[in-house]
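Here are the chains, one letter per residue:
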Amino acid sequence: MEDTKFYIGIDPGLKGGIAVLNDGGSVVEVDNMPETPWDILGLLGEYSGRNAVCVLEDVGHGIPGQSSKATATFARHNGHLEMALLALSIPTEKVTPQKWQKVYQLGSSKGIDKRVWKNKLKAKAQQLFPPLGKKVTLSTCDALLIAEYARRNKL
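To keep things clear, this report deals only with the structure shown in the data block. (Residues numbered from 1 in each chain as written. Predicted model: local features only at pLDDT ≥ 70, side-chain atom pairs only at ≥ 80, totals over all residues. Heavy atoms only, no water.)

## Structural notes on the overall build of the protein
Then, in step 1: Broken down by element type, the protein carries five helices and five strands.
Then, in step 2: Listing every helix and strand of the protein by position from the N terminus yields β-β-β-α-β-α-β-α-α-α.
Then, in step 3: Taking 15 Å as the expected radius of gyration for a compact globule of 155 residues, we find that the protein reaches 15 Å, a close match to that expectation.
Then, in step 4: Counting only C-alpha atoms, the protein reaches 45 × 35 × 25 Å along its principal axes. (Helix = DSSP H or I, 4+ residues; strand = E, 2+ residues; numbered from the N terminus. Rg over C-alpha atoms; globule rule 2.2 N^0.38 Å.)

## Concerning the pairing of strand β3 (residues 27-32)
Then, in step 1: Pairing of strand β2 (residues 17-22) with β3 involves five bridges; the strand directions are antiparallel. Opposite Gly17, over in β3, you have Asn32 as the bridge partner.
Then, in step 2: Between the end of β2 and the start of β3, which pair antiparallel, lie four residues, with Gly25 showing a positive phi angle near 90°. (Pairing = 2+ DSSP bridges.)

## What about the environment of Gly42?
Then, in step 1: With respect to the helices and strands, Gly42 occurs in helix α1 (residues 37-45).
Then, in step 2: The exposure class assigned to Gly42 is partly exposed, which follows from its relative accessible area of 39%.
Then, in step 3: Note: C-alpha distance between Gly42 and Ala84 (42 residues apart in sequence) is 9.1 Å. (Buried < 20%, exposed > 50% of the residue type's maximum accessible area, 1.4 Å probe, protein only.)

## Remarks on the side chain of His77
Then, in step 1: Its place among the elements puts His77 in helix α2 (residues 68-87).
Then, in step 2: Other than its neighbours up to four places away in sequence, His77 contacts Pro12, Gly13, Leu14, Met33, Pro34 and Ile40. (Contact = heavy atoms within 4.5 Å.)

## As for the pattern of salt bridges
Then, in step 1: Applying the stated criterion to the full structure yields four salt bridges.
Then, in step 2: Here Lys94 ties to Glu82 by a salt bridge, and the two come within 2.8 Å at their closest N and O atoms. Of this pair, Lys94 sits in strand β5 (residues 92-95) while Glu82 sits in helix α2, and the two are 12 residues apart along the sequence.
Then, in step 3: Arg152 serves as the salt-bridge partner of Glu148, at 2.9 Å between the closest nitrogen and oxygen. You can see Glu148 and its partner Arg152 sitting in helix α5 (residues 141-152), four residues apart, about one turn around the helix.
Then, in step 4: Each member of the salt-bridge network shares a partner with another, and the members are Glu148, Arg151 and Arg152. (Salt bridge = Lys/Arg side-chain N within 4 Å of Asp/Glu carboxyl O.)

## Section: the sheet that holds β5
Then, in step 1: Taken in spatial order, the five strands of this open sheet run β3-β2-β1-β4-β5, and their pairing is mixed. Two strands bound the open sheet, and with one partner strand each, they are β3 and β5. Taking each pair of neighbouring strands and ignoring which way they run, the sheet shows an average axis angle of 15°.
Then, in step 2: Two elements, strand β1 (residues 6-11) and strand β4 (residues 52-57), share five bridges in a ladder whose sense is parallel. Residue pairing across strands places Phe6 opposite Ala52, the latter belonging to β4. (Axes fitted to C-alpha atoms, helices over the stretch in contact; angles between N-to-C directions.)

## Notes on the packing of aromatic side chains
Then, in step 1: Enumeration over the complete set of coordinates arrives at two aromatic pairs.
Then, in step 2: Here Trp100 and Tyr104 contribute two aromatic rings whose centre-to-centre distance is 6.4 Å and whose plane-to-plane angle is 75°, an arrangement assigned as edge-to-face.
Then, in step 3: With a relative accessible area of 0%, Trp100 lands in the buried category.
Then, in step 4: Residue Tyr104 is classed as buried on the basis of its relative accessible area of 4%. (Phe/Tyr/Trp six-rings, centres within 6.5 Å; stacked < 30°, edge-to-face > 60°.)

In structure tokens, the structure reads:
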């Protein structure tokens, strides 16, 4: 068993992402959300049995204003993520956006346009991970910040 610990951060939306940091804070991997359950299993399978933990953003209430079809699609996708992590025996903690975002002292997203808030999160991820350059996108920034939350809290 290797000594390196891996921190997996997942923003579960279809336009979300998955990021993996090592215990030193270096980015091991950062990807847009895989498109299929098999792709999810393949990506996460790289960390099975490798001293990895995962923080999965807990957005269990869906997105306000979303259609019932979109909500069902999101729930099914989130289930694919949870089942892959379970099948791979990767310990997982669900954390609300409010909890992980609080660590970065960016204030509250209440009353702020969603795009403006997402750009604020992206800027924070770019500040923390400057070598990534253009790999920090609106799709991957939350996953990077969630993985860093896990690392800072030694989950």
